Amino acid sequence: MSEKISVSLPRDLLKELEDFMEKSKAGDRSKVVQLALRNFLDENKQSDAFTYSVISVIYDFTTAESDFTKVQHDYAELIMSNMHVHVSAKECMEAIFVKGKKSEVMKLIGSINQIKGIKKVKPTFSYVGE
C-alpha cells in the first residue's frame, strides 16, 4: 500500500532531477524518490542487521598503506574480498567487499576513517537484512 505525500524541492534540484529522468529513462518521480530514500535509510540507520556491502576507499599509498593493511587484518572476519587499483603514482583506490552485522561494518569504516592519508571512504550497503 502506498501513501501520497508532498515534498518541497528547490527549483534547481527539481530541474536537475527532471533532466536526469529524461536522459536516463529512470521512471517517474515516485520511483526515483523511493530508490533514493531506501538507499539513504540503508546507509544511515543504526542496525545490527546483516549486510553485504562495498566500501570504496581512496588513499595516499605512501602515508596510509601500512595502517590501512593492519585495519583490514583486524577486521578479517568481515572482509570477503578486495580489489586494489592504482589511481596515480601516490594514490590508490580499494573496493572492500564485506558481509556481517551493519554495526560491525560501521566500526570498520570508523577505523578506516581515522587513518592518516585516507582521502575518501564511501560505503554502499547493497543488502541490509531485516
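Nothing here was measured: the structure is a model prediction, and the numbers come from that model. (Residues numbered from 1 in each chain as written. Predicted model: local features only at pLDDT ≥ 70, side-chain atom pairs only at ≥ 80, totals over all residues. Heavy atoms only, no water.)

Caption draft 1: Here's a closer look at the side chain of D60. Inspection of the secondary structure assignment puts D60 in strand 1 (residues 50-60). In this structure D60 comes out as buried when scored by relative accessible area, which is 8%. Side chain to side chain, D60 and K90 meet in a polar contact 3.3 Å long. Sequence-distant contacts of D60, defined by excluding residues within four places in its chain, comprise E65, K90, G117 and K119. (Helix = DSSP H or I, 4+ residues; strand = E, 2+ residues; numbered from the N terminus. Buried < 20%, exposed > 50% of the residue type's maximum accessible area, 1.4 Å probe, protein only. Polar contact = N/O pair within 3.5 Å; in protein donor to acceptor, adjacent residues only side chain to side chain. Contact = heavy atoms within 4.5 Å.)

Caption draft 2: Fine view of the packing of aromatic side chains. This model, assessed by the stated rule, comprises two aromatic pairs. For the pair F50 and Y52, a centre-to-centre distance of 5.2 Å together with 80° between the ring planes defines the contact as edge-to-face. Above the ring of F125, the side-chain terminus of K102 is found at 4.8 Å from the ring centroid. (Phe/Tyr/Trp six-rings, centres within 6.5 Å; stacked < 30°, edge-to-face > 60°. Lys NZ or Arg CZ within 6 Å of the ring centre and 35° of its normal.)

Caption draft 3: Inspection of helix 4 (residues 102-113) at higher detail. Compared with an ideal rise of 1.5 Å per residue, which puts 12 residues at 16 Å, helix 4 spans 16 Å between its outermost C-alpha atoms and is within 8% of the ideal. Of the residues making up helix 4, those classed as buried are K102, V105, L108, I109 and I112. Buried residues of helix 4, seen end-on, are gathered within an arc of 115° and therefore sit on one face of the element. Buried residues along helix 4 sit in contact with helix 2 (29-44), strand 1, helix 3 (61-74), strand 2 (79-86), strand 3 (91-101) and strand 4 (118-128). (Expected span 1.5 Å × (residues − 1). Arc of directions from axis to C-beta.)

Caption draft 4: Inspection of the environment of F50 at higher detail. Inspection of the secondary structure assignment puts F50 in strand 1. Note: C-alpha distance between F50 and K119 (69 residues apart in sequence) is 27 Å. When neighbours within four sequence positions are excluded, F50 is seen to be in contact with K99, G100, K101, Y127, V128 and G129.

Caption draft 5: View of the nonpolar core. Counting 22 residues, the largest nonpolar core has I55, V57, F68, I96, L108, I112 and I118 as its most contacted members. Secondary structure elements with two or more residues in this core: strand 1, helix 3, strand 3, helix 4 and strand 4. (Core = buried A, V, L, I, M, F, W, Y, C linked by side-chain atoms within 4.5 Å.)

Caption draft 6: Region of interest: the sheet that holds strand 1. Pairing is antiparallel across the open sheet formed by four strands, whose spatial order is 2-3-1-4. Two strands lie at the open edges of the sheet, namely strand 2 and strand 4, each paired on one side alone. Strand-to-strand twist across the sheet, computed as the mean angle between neighbouring axes with direction ignored, equals 15°. Here 11 bridges tie strand 1 to strand 3, and the two strands are oriented antiparallel to one another. By the bridge assignment for strand 3, V54 is matched with F97. (Pairing = 2+ DSSP bridges. Axes fitted to C-alpha atoms, helices over the stretch in contact; angles between N-to-C directions.)

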